[in-house]
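Okay, here's what each chain looks like letter by letter:
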Amino acid sequence: ILGIIVLVYLFRRSRKQDNQMVFNFWGLQESRWKKISFYLFLIALSGLLISLLDFRGEGERLKANIAQQKSVIMIDASASMLAEDVRPNRFEKSIFLARHFIRKASGHQVAVILFSDTHRKLVPFTSDLDLLDARLEALAKKSLSRGGTGLSLALQESINYLRDSEGKIQGNVLLYTDGEENQSFQDLKIPDEVNVAVVGVGTSGGGRIPMRSSRGDFQGYMRFGGKEIISKLDENSIRKIGENITNFKYWLVSSYSLPTENILSYFQSQYTELQKK
């Protein structure tokens, strides 16, 4: 605020000197539009400086009695996640659920992975919940690719992110997907120290997959062989994931489901049991 006052004073003094010099040499007065332009500039500059202020107040301190857990959040970004059988669609619902988990996940270090045909780490492990929430909020506006779901490969690769400096693998994987898999789950090798939670997003009745331009304009529904594709939540596929995983649990969600507390309780109970061992 002090910076705004000082800058406004300096700019106005400089402008007054410039106007006086122009009047002395050429006898010209400043036009009305030039005045308006100058004051709009000051307003814009002040707004920019005000935007740098943090109105949230002091941070809230939370105490954790145990060491931080490592949790990898995996979000399916394949084309089928655009189906609107849950509101607003499967992908945005997954983002909402992931953000809700992060807000509740004090005592966790969280990383975020986005996957479809390929996968990439969106956010490395961090305890900065504001950063994670902001990145996920921006992700909700992302235009999804039309690729398939390489769930098995992405899940297997995510395990490597849980490896510590001593080579030990331990932590949690939270997976948001509709279960449509293009590969087999038979080759999954998940250590016993890793807890896997899967949130199936969608309905058994399924929904059509809308296609939109980069500006969000609706361009019809995705077709194959001349027929509209109906994408359905594949619960059997989600069950198959757990056949080769010791510590596994899954939830199915609709438009208004919110399993965050159950997921956190599951992770905590498994982590406590592991600490006992």
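Every value quoted in this text rests on a predicted model; they were computed, and no experiment measured them.

Take the side chain of Asp76 next. Position of Asp76 relative to the elements: it lies in strand β1 (residues 69–76). For the buried residue Asp76, which engages in no salt bridge, the nearest side chain bearing the opposite charge is Arg90, 7.6 Å off.

In this section: the pairing of strand β4 (residues 171–177). In terms of residue burial, β4 counts as a mostly covered element, since 7 of its 7 residues are buried. Judged by which residues are buried, β4 turns out to be covered on both faces: Gly171, Val173, Leu175 and Thr177 on one side and Asn172, Leu174 and Tyr176 on the other are all buried. Relative to β4, β1 runs parallel, the two being bridged by 5 bridges. Bridged to Val72 within β4 is Val173. Pairing geometry for β4 and strand β5 (residues 194–201), over 7 bridges, is parallel. Bridge pairing links Thr177 to Gly200 in β5.

This part covers unusual backbone geometry. Geometrically, the link from Arg87 to Pro88 is a cis peptide bond, its omega value of -10 degrees lying close to zero. With respect to the secondary-structure elements, Pro88 resides in the loop between β1 and α3 (90–104).

Our next topic: the packing of aromatic side chains. Under the defined criterion, the tally for this structure stands at 7 aromatic pairs. Ring geometry for Phe38 against Tyr39: centres 5.4 Å apart, planes inclined by 75 degrees, an arrangement best described as edge-to-face. By relative accessible area, Tyr39 is classed as partly exposed at 37%. Between the aromatic rings of Phe248 and Tyr250, the centroid separation amounts to 6.2 Å while the plane-to-plane angle is 40 degrees, which identifies the pairing as tilted. Relative accessible area serves as the criterion here: at 25%, Tyr250 is assigned to the partly exposed category.

With that out of the way, let us pick up the pattern of salt bridges. This model, assessed by the stated rule, comprises 9 salt bridges. In this structure, Glu30 and Arg15 form a salt bridge, with 2.6 Å as the shortest nitrogen-oxygen distance. In this pair, Glu30 sits in the loop between α1 (2–26) and α2 (32–50) while Arg15 sits in helix α1, placing the two residues 15 residues apart along the sequence. There is no split in this pair, since Glu30 and Arg15 are both buried. In this structure, Asp178 engages Arg90 in a salt bridge whose closest nitrogen and oxygen atoms are separated by 2.9 Å. Residue Asp178 is located in the loop between β4 and β5, and its partner Arg90 is located in helix α3; the two are separated by 88 residues in the primary sequence. The burial state of Asp178 is the same as that of Arg90; both residues are buried. Salt bridges sharing common partners tie together Asp85, Arg90 and Asp178.

Relative to each other, α1 and α2 sit at 160 degrees, their axes nearing to 10 Å. Relative to α2, the element α1 is oriented roughly antiparallel. Between α1 and α2 lies a crossing whose hand is right-handed. The segment α1 lies against α2, with Ile4, Leu7, Val8, Phe11, Arg12 and Arg15 engaging Lys35, Phe38, Tyr39, Phe41, Leu42, Leu45, Ser46, Leu49 and Ile50. Class assignment for the residues of the contact of α1 with α2 results in 11 nonpolar, 1 polar and 3 charged.

What counts and what doesn't
Residues numbered from 1 in each chain as written. Predicted model: local features only at pLDDT ≥ 70, side-chain atom pairs only at ≥ 80, totals over all residues. Heavy atoms only, no water. Helix = DSSP H or I, 4+ residues; strand = E, 2+ residues; numbered from the N terminus. Buried < 20%, exposed > 50% of the residue type's maximum accessible area, 1.4 Å probe, protein only. Lys, Arg positive; Asp, Glu negative; His and termini not counted. Salt bridge = Lys/Arg side-chain N within 4 Å of Asp/Glu carboxyl O. Pairing = 2+ DSSP bridges. Phe/Tyr/Trp six-rings, centres within 6.5 Å; stacked < 30°, edge-to-face > 60°. Axes fitted to C-alpha atoms, helices over the stretch in contact; angles between N-to-C directions. Parallel < 35°, antiparallel > 145°, perpendicular 65-115°, else oblique. Left-handed = near helix turned anticlockwise from the far one by under 90°. Contact = heavy atoms within 4.5 Å. Nonpolar A, V, L, I, M, F, W, Y, C, P; charged D, E, K, R; others polar.

Geometric descriptors of this kind do not, in isolation, establish any biological role.
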